[in-house]
Amino acid sequence: MNNFMEEYKRKLVTVDEAAKVVKSGDWVEYGPVLNCAVDFDEALAKRKDELWDVKIRTAIGPYTHYTIEADPSGEHFVWSSWHQAGQDRKYANSKNLYFCPMNLSELPQMTRQDAIPSDVFVVQTTPMDKHGYFNFGLSSLHAIAAIETAKIVIFEVNDKMPRCLGGNQECAHISQVDYVFESKGKSVAALPAIHPNEVEEKIAGFILERLYNGCCIQLGIGGVPNAVGKMVAQSDLKDLGVHTEMYADAYVDMSKAGKITGACKNIDKYKQVYSFAMGTSEMYDFIDENPGLASYSIDYTNDPAVIAQIDNFVSINAAVEMDLFGQICSESIGTKQISGTGGQLDFVIGAYHSKGGQSFVCLPSTVTIKGNVSSRIKPTITPGGIVTDPRTCTDMVVTEYGIAKIKGQNTWQRAENLINIAHPDFRDELIKEAENMKIWRRSNKRG
Ligand SMILES: CC(=O)SCCNC(=O)CCNC(=O)[C@H](O)C(C)(C)COP(=O)(O)OP(=O)(O)OC[C@H]1O[C@@H](n2cnc3c(N)ncnc32)[C@H](O)[C@@H]1OP(=O)(O)O
Ligand SMILES: CCCC(=O)O
């Protein structure tokens, strides 16, 4: 411990000293999701008048973006985000924050070979342990790739960060960091618990009928995946496994209800595998030092080839809208980016290739915007909308009216299956559009 502590003391600086290393024109990467360098950003914001064109990258950025608040002009600091949720969504589609498209499984590789290398990488960690290691806590993701490629590495040590056991690439050593500062003891951002609504429960009910003992579950982000987890917790299912990118509260419900053993997993048997966690503080307590869980870098959890090795893999993700060809949009409303591809496509592909695997993309049949109700199943995606899952990859789609099979279906079968799960008020209109697009047969039956 002593040698490491000496090295720690040599590298220990104040947050203001740490923020001094940034120069005009630099690329600065903050740790992803809940490991975003919030104290560092606050200190950097104070240097606004001496800095120009500092490019800051992160993903989800759940804390206040102090540098954006200090510089609404975007001349001193400009952000880019690998995934526009959390606070990133608030600043998105402005001159302060731009989206960076990615498949999440590829983030470490893109960091190593494609993205402009960071001049400075700052990530929140736990305090150092007796072996000289700092744990990344709530997000392993691409932190090691960012450390390998950045010119200067800084740890923002937060004693409130849960210690999340590996896995792999869930921690880094004092020898891998240039500077360390101790954060002001800010809590890790926690989200309120979410409770499913009636439509989400109906959708989840259809999926529940397709689950069986021993299957391995991935829940995506959003209301429906959360509803499925809550229902599984109350079901008779047993011996389930978990292999996911994001650990969420629903997994705690399932674990506490005794549904998860991981006994049937082909790899990482008995471990709940994930790469980052986001949810309530109760969940953060549950994963802290929990040997039943293993945190990995995202190029492992999300690699479709790794997912495919796990038999009976069930992937459950959510979408914004889709078209009659089977193209799924889960990240934009027209040209307005509201989220990201994240790991959705990784899991849609991986689950399809798992023996006995199933991939469900879920969406309520309608959306109400300013009192106007419209169908989320559309003839074509809203102009400018981003295709998250190409039609070649979509397997099954679920609304509160049932499940539509897409894989292996020709264009009129897809249209028919999808119209059968669209809201009844929009089915006639969709049929007319399908006829115009020559993807409807006169003999087609109606649901
Ligand atoms: C963690 C994993 O393992 S995640 C792996 C998968 N990753 C992904 O799936 C990433 C892409 N998916 C997502 O980001 C989410 O699942 C979403 C956005 C599709 C759904 O998440 P939810 O929390 O259920 O979304 P929600 O229904 O709140 O919609 C988000 C916003 O878009 C708006 N919106 C949604 N659909 C539409 C639509 N068709 N038209 C217009 N607006 C819409 C909602 O009104 C809401 O707006 P608000 O924030 O102003 O209230
Ligand atoms: C960080 C990406 C989260 C997601 O896949 O939705």
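What you see is a predicted model; the values in this text were computed from it and never measured.

1. Notes on helix H14 (residues 344-353)
One turn of the α-helix equals 3.6 residues, which is why residues spaced by three or four share an orientation.
Piece 1. Counting buried residues along H14, 7 of its 10 residues qualify, which places the element largely inside the surrounding structure.
Piece 2. All buried positions along H14 are accounted for by Gln344, Leu345, Asp346, Phe347, Val348, Gly350 and Ala351.
Piece 3. The elements touched by buried residues of H14 are strand S11 (216-219), helix H12 (298-301), helix H13 (304-308), strand S17 (313-318), strand S19 (328-329) and strand S22 (358-362).

2. Quick look at the nonpolar core
Piece 1. Grouped together as the largest cluster of nonpolar side chains are 82 residues, with contacts concentrated most on Tyr30, Phe40, Tyr247 and Ile287.
Piece 2. Broken down by element, the residue count for this core peaks at 5 residues, all from helix H9 (residues 223-233).
Piece 3. The residues that make up this core include at least three from each of domain 1 (2-182) and domain 2 (198-436).
Piece 4. In this structure tyrosine 247 touches Val252, Ser255, Gln272, Tyr274, Phe276, Ala277, Met278, Met283, Phe286, Ile287 and Leu293, once residues within four positions along its chain are discounted.
Piece 5. If you look at the next biggest cluster of nonpolar residues, it comprises 25 residues, including Ile328, Leu345, Leu363 and Ile419.

3. What to know about the UniProt feature "active site" (unreviewed entry) in the protein chain
Piece 1. In the UniProt entry, the feature "active site" (unreviewed entry) is given for Glu245.
Piece 2. Mapped onto the secondary structure, glutamate 245 falls in the loop between strand S12 (241-242) and strand S13 (246-247).
Piece 3. Owing to a relative accessible area of 12%, glutamate 245 belongs among the buried residues under this scheme.

4. Details of the site of ligand 1
Piece 1. Within the structure, ligand 1 sits among 26 residues, and Ile221, Met246, Ser339, Gln344 and Arg376 are positioned closest to it.
Piece 2. At a separation of 3.2 Å, a nitrogen atom of ligand 1 approaches a polar backbone atom of valine 320.
Piece 3. At a separation of 3.5 Å, a nitrogen atom of ligand 1 approaches a polar backbone atom of serine 330.
Piece 4. Listed by contribution, the elements that provide at least two residues to the shell around ligand 1 are S11, S17 and strand S23 (366-369).
Piece 5. Of the residues assigned to the shell around ligand 1, the class counts are 10 nonpolar, 13 polar and 3 charged.

Reading the values: the criteria
- Residues numbered from 1 in each chain as written.
- Chains lettered and ligands numbered in written order.
- Predicted model: local features only at pLDDT ≥ 70, side-chain atom pairs only at ≥ 80, totals over all residues.
- Heavy atoms only, no water.
- Buried < 20%, exposed > 50% of the residue type's maximum accessible area, 1.4 Å probe, protein only.
- Helix = DSSP H or I, 4+ residues; strand = E, 2+ residues; numbered from the N terminus.
- Contact = heavy atoms within 4.5 Å.
- Core = buried A, V, L, I, M, F, W, Y, C linked by side-chain atoms within 4.5 Å.
- Domains from an automatic or database assignment.
- UniProt positions renumbered as here; feature names shortened; annotations may be inferred.
- Near = heavy atom within 4 Å.
- Polar contact = N/O pair within 3.5 Å; in protein donor to acceptor, adjacent residues only side chain to side chain.
- Nonpolar A, V, L, I, M, F, W, Y, C, P; charged D, E, K, R; others polar.

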